[in-house]
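What follows is each chain in one-letter form.
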Amino acid sequence: MKPKAYIETTVVSYLTAWPSRDVVIAGHQQVTRQWWASAADRFELVASQLVIDEASAGDAEASRDRLAALAYVTLLDATDEARQLAEELVAANAIPERKAEDAAHIAIAVTNGVDFLVTWNCRHIANAAMRSEIERVCRRAGYEPTIICTPDELMETDDEDENT
């Protein structure tokens with residue numbers, strides 16, 4: 001059975017966006033495209049209605065591209081348990097109240113037993129300074145936290161590149 005990977009909105013946004021002139025963002029876009037090319041072979045890709053809603057916003061053409069990329073991704077339910085955990089993440093200041101949707105992404109992944117939450121949101125989700133508090137809140141609520149990571153952290157390794 002493949003591990004589950006929750007695709008947060010920033011991943012599909014980087015995947016489908018026009019190449020950026022910002023070298024860091026362009027690098028993230030390239031890594032995302034490389035990871036996506038084999039991701040479905042290695043992971044059961046999942047998301048939520050929240051991802052669909054966020055991906056639907058903005059420019060119509062860009063939205064169509066994002067939604068097309070998500071067409072074969074399994075949608076998880078935002079259960080009452082997920083809503084409760086999201087509220088606990090915000091109440092504990094693990095996620096800022098103004099970014100409650102980020103808490104919802106985490107909570108949906110955690111309460112559905114997802115192995116990895118894949119994101120480029122390094123401000124409020126894949127943030128090493130916040131990770132221990134996110135994990136503490138999840139465990140206190142009775143859940144094993146998902147592994148929060150960026151696509152480059154889930155890249156397939158090549159034995160020839162072992163020393164790089």
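Conventions we followed
Residues numbered from 1 in each chain as written. Predicted model: local features only at pLDDT ≥ 70, side-chain atom pairs only at ≥ 80, totals over all residues. Heavy atoms only, no water. Core = buried A, V, L, I, M, F, W, Y, C linked by side-chain atoms within 4.5 Å. Buried < 20%, exposed > 50% of the residue type's maximum accessible area, 1.4 Å probe, protein only. Helix = DSSP H or I, 4+ residues; strand = E, 2+ residues; numbered from the N terminus. Pairing = 2+ DSSP bridges. Phe/Tyr/Trp six-rings, centres within 6.5 Å; stacked < 30°, edge-to-face > 60°. Axes fitted to C-alpha atoms, helices over the stretch in contact; angles between N-to-C directions. Parallel < 35°, antiparallel > 145°, perpendicular 65-115°, else oblique. Left-handed = near helix turned anticlockwise from the far one by under 90°. Contact = heavy atoms within 4.5 Å. Nonpolar A, V, L, I, M, F, W, Y, C, P; charged D, E, K, R; others polar.

Draft legend 1. Just the nonpolar core, in detail. Core analysis: the largest hydrophobic core is formed by 48 residues, its most contacted members being Tyr 6, Trp 35, Leu 45, Leu 89, Ile 106 and Ile 134. It is helix 6 (residues 100-111) that provides the largest number of residues to this core, a total of six residues.

Draft legend 2. Broad picture of unusual backbone geometry. Even without being a glycine, Asn 93 presents a positive backbone phi close to 60 degrees. Tracing the backbone shows Asn 93 in the loop between helix 5 (80-91) and helix 6. On the accessibility criterion, Asn 93 (65% relative accessible area) is exposed.

Draft legend 3. Up close: the pairing of strand 1 (residues 4-7). Alignment of strand 1 against strand 2 (residues 44-48), held across three bridges, turns out to be parallel. The residue bridging Lys 4 from the neighbouring strand is Glu 44, located in strand 2. One ladder, built from three bridges, connects strand 1 with strand 4 (residues 116-118); its direction is parallel. Across the sheet, the residue bridging to Tyr 6 is Leu 117, located in strand 4.

Draft legend 4. Quick peek at the packing of aromatic side chains. What the rule picks out here adds up to four aromatic pairs. Seen from their ring centres, Tyr 14 and Trp 120 are 5.8 Å apart, and the 20 degrees between their planes marks the pair as stacked. Here Trp 120 lies in the loop between strand 4 and helix 7 (128-140) and Tyr 14 lies in helix 1 (residues 9-16), a separation of 106 residues in the sequence. By the burial criterion, Tyr 14 is buried, and Trp 120 matches it. Aromatic side chains Trp 35 and Phe 43 sit 5.9 Å apart centroid to centroid with 40 degrees between the ring planes, which places their arrangement in the tilted category. When sorted by exposure, Trp 35 lands in the same class as Phe 43, which is buried. Three or more aromatic residues joined by ring pairs make a cluster, and in this case those are Trp 35, Trp 36, Phe 43 and Phe 116.

Draft legend 5. Just the packing of helix 5 against helix 6, in detail. Two elements in contact, helix 5 and helix 6, have axes whose closest approach is 8 Å; the angle formed by their N-to-C orientations is 130 degrees. Regarding the angle of helix 5 to helix 6, the classification is oblique. Handedness of the helix 5/helix 6 crossing: right-handed. Touching Glu 81, Ala 82, Leu 85, Ala 86, Leu 89 and Val 90 of helix 5 are Ala 100, Ala 103, Ala 104, Ile 106, Ala 107, Ile 108, Val 110 and Thr 111, all from helix 6. Residue composition of the contact of helix 5 with helix 6, by class: twelve nonpolar, one polar and one charged.

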